[in-house]
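# Observations on the three-dimensional arrangement
Read off the chains here:
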Amino acid sequence: MNVENAKAQMRKGVLEYCILLILSNNDAYASDIINQLKEARMIVVEGTLYPLLTRLKNAKLLSYRWEESTQGPPRKYYALTEEGKTFLGEMDASWKELVSAVELIHQTNNVTEQ
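These lines cover the structure that appears in this document, whether it is placed above or below. (Residues numbered from 1 in each chain as written. Predicted model: local features only at pLDDT ≥ 70, side-chain atom pairs only at ≥ 80, totals over all residues. Heavy atoms only, no water.)

Attention now moves to the side chain of T81. Among the secondary structure elements, T81 is positioned in the loop between β3 (72–80) and α4 (82–108). Contact partners of T81, with chain neighbours within four places excluded, come to K60, L61, L62 and S63. (Helix = DSSP H or I, 4+ residues; strand = E, 2+ residues; numbered from the N terminus. Contact = heavy atoms within 4.5 Å.)

Below, the discussion takes up the sheet that holds β3. Sheet architecture is open: 3 strands sit in the order β1-β3-β2, paired in antiparallel fashion. Each edge of the sheet is formed by a strand with only one pairing partner; in this case those strands are β1 (28–29) and β2 (62–69). Summarising the sheet, β2 and β3 pair through 7 bridges and their orientation is antiparallel. Residue pairing across strands places Y64 opposite Y78, the latter belonging to β3. (Pairing = 2+ DSSP bridges.)

This part is about the pattern of salt bridges. On inspection of all chains with the given rule, the structure shows 6 salt bridges. As a salt-bridge pair, K7 and E4 come within 3.2 Å of each other at their nearest N and O atoms. In this pair, K7 and E4 are both assigned in helix α1 (residues 3–25), 3 residues apart and thus about one turn of the helix distant. Looking at K7, the relative accessible area reads 35%, which means it is partly exposed. Looking at E4, the relative accessible area reads 47%, which means it is partly exposed. (Salt bridge = Lys/Arg side-chain N within 4 Å of Asp/Glu carboxyl O. Buried < 20%, exposed > 50% of the residue type's maximum accessible area, 1.4 Å probe, protein only.)

Moving on to the packing of aromatic side chains. Taken as a whole and judged by the stated rule, the model has 4 aromatic pairs. Between Y64 and W66, the aromatic rings sit 6.4 Å apart at their centres with planes inclined by 85°, giving edge-to-face as the arrangement. Taken together, a centroid distance of 6.1 Å and an interplanar angle of 55° make the contact between Y64 and Y78 tilted. Here Y64 is found in strand β2, whereas its partner Y78 is found in strand β3, with 14 residues between them in sequence. Classification of Y64 by relative accessible area gives partly exposed; the value is 35%. The class for Y78 is buried, based on a relative accessible area of 6%. Among the aromatic residues, ring-to-ring pairing joins Y64, W66 and Y78 into one connected group. Here the basic side chain of R75 rests over the ring of Y29, its NZ or CZ set 4.5 Å away from the ring centre. Note that K76 overlies the ring of Y64, its terminal NZ or CZ placed 4.2 Å from the centroid. (Phe/Tyr/Trp six-rings, centres within 6.5 Å; stacked < 30°, edge-to-face > 60°. Lys NZ or Arg CZ within 6 Å of the ring centre and 35° of its normal.)

Interpretation note: all reported values are geometric properties and have no functional meaning in isolation.
Next comes the structure, spelled out in structure tokens:
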């Protein structure tokens, strides 16, 4: 099994959650979201973000607005909807449970880093 593929799949599984977390603080332009994800080493291919944003918008978790830009065409800024904030709260609780469960299994089985 390819470890890089396994790591990519793990990241992919939490990418939507990370997008919602980023937008929980402020509305953001797509390139700002990409930059934060890249800094956290959560995304490598920029084309991955746009389908996720569309899916989250279609699920009514995000909204967007256009703003004029002094550096080119108008920019689309994304924001969490009220549904998105509720969903994020549920995801946050699930994330904490998952991390605790994995940590418990990790500790119980004395897994050491190599």
